[in-house]
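# Observations on the three-dimensional arrangement
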Amino acid sequence: TVAALLCGGVLVAQHMGEHDGPAINPFREALMFPAVVALFVALAVRQFPVEIPTLVSNGLESLASLVVPLIMISVGLSLRPGAIREHAVPLSLLAGVRLVAAPLVALLLGRAFLTDPDVVRLVVLEAGMPSMMLSLVIGARFKLETDFIASAILVTTVASIVSIPLMQVVAG
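Remember, predicted model here, so these are calculated numbers, not experimental data.

Parameters and conventions
- Residues numbered from 1 in each chain as written.
- Predicted model: local features only at pLDDT ≥ 70, side-chain atom pairs only at ≥ 80, totals over all residues.
- Heavy atoms only, no water.
- Helix = DSSP H or I, 4+ residues; strand = E, 2+ residues; numbered from the N terminus.
- Buried < 20%, exposed > 50% of the residue type's maximum accessible area, 1.4 Å probe, protein only.
- Contact = heavy atoms within 4.5 Å.
- Areas by Shrake-Rupley, 256 points an atom, 1.4 Å probe, with all protein chains shown as cover.
- Lys, Arg positive; Asp, Glu negative; His and termini not counted.
- Charge placed at Lys NZ, Arg CZ, Asp CG, Glu CD.
- Salt bridge = Lys/Arg side-chain N within 4 Å of Asp/Glu carboxyl O.
- Expected span 1.5 Å × (residues − 1).

## Considerations on the overall build of the chain
Each helix and strand in the chain was counted, giving 10 helices and 0 strands. The linear arrangement of helices and strands in the chain, starting from the amino end, is α-α-α-α-α-α-α-α-α-α. Expressed along its principal axes, the backbone C-alpha trace of the chain runs to roughly 55 × 50 × 30 Å. Expressed as a percentage of its 172 residues, the buried residues of the chain come to 27%. For the chain, long-range pairs separated by at least 24 residues make up 72% of all intrachain contacts whose partners lie at least 6 apart in sequence. Surface exposure of the chain reaches about 11,300 Å², of which carbon and sulfur atoms provide 73%. Charge separation in the chain, taken as the distance between the mean sites of 9 positive and 11 negative side-chain charges, equals 3 Å.

## Notes on the environment of Val 124
By the secondary structure assignment, Val 124 is in helix H8 (residues 117-127). For Val 124, a relative accessible area of 2% puts it in the buried group. If near-sequence neighbours (up to four positions away) are discounted, Val 124 is found in contact with Pro 103, Ala 106, Leu 107, Met 167, Gln 168 and Ala 171.

## With respect to the pattern of salt bridges
Going through the model one piece at a time under the given rule, you end up with 3 salt bridges. Between Glu 86 and Arg 80 there is a salt bridge, with the nearest N and O atoms lying 2.9 Å from each other. Taking the shortest distance from any N to any O, the salt bridge between Arg 80 and Asp 147 comes out at 2.5 Å. Separated by 67 residues along the polypeptide, Arg 80 in the loop between helix H5 (67-78) and helix H6 (83-86) and Asp 147 in helix H10 (residues 146-171) bring together distant segments of the chain.

## Concerning helix H1 (residues 2-16)
For an α-helix the count is 3.6 residues per turn, leaving residues at separations of three or four pointing the same way. Taking 1.5 Å per residue as the helical rise, H1 with its 15 residues ought to reach 21 Å, and the 19 Å between its terminal C-alpha atoms agrees with that figure. Among all positions of H1, only Leu 5, Leu 6, Cys 7, Gly 9, Val 10, Ala 13 and Gln 14 are buried. Close packing links the buried residues of H1 with helix H2 (26-31) and helix H9 (133-141).

This is the structure we're talking about:
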């Protein structure tokens, strides 16, 4: 989903929003995304017998434990009081598509084309994940409606507490 957001999402945001300067190449954007760069570095390092020092490993673990709280603080700071009430209908539709319709479509397609039930459950789980923080970053970059995006992240994250276990039961 990150690759889809970085490629397709950037194209849509670029078209719908405002951006100063030349057009952005979404494929370059995806390749230069910090997590993708880190993945390439990790795969390269893995090819050599490199021992990561305990101090570095512990430092990275400490930084990793801060990611979710910092994301939640960032979303909280982006929320505007009353935005959820103001956008109740579009947010409900978005949550329904993101948390119910997408996993059900994934379930139907998964059962039709995949043979391993564990893989089907994984596809359904991935399809039913809430909206991600990266969409807020892209929205801010292209001057889109960030209060709606932040509200969508909050609503889908809270609703996923119920929808994810339900979809996993449905997926069998």
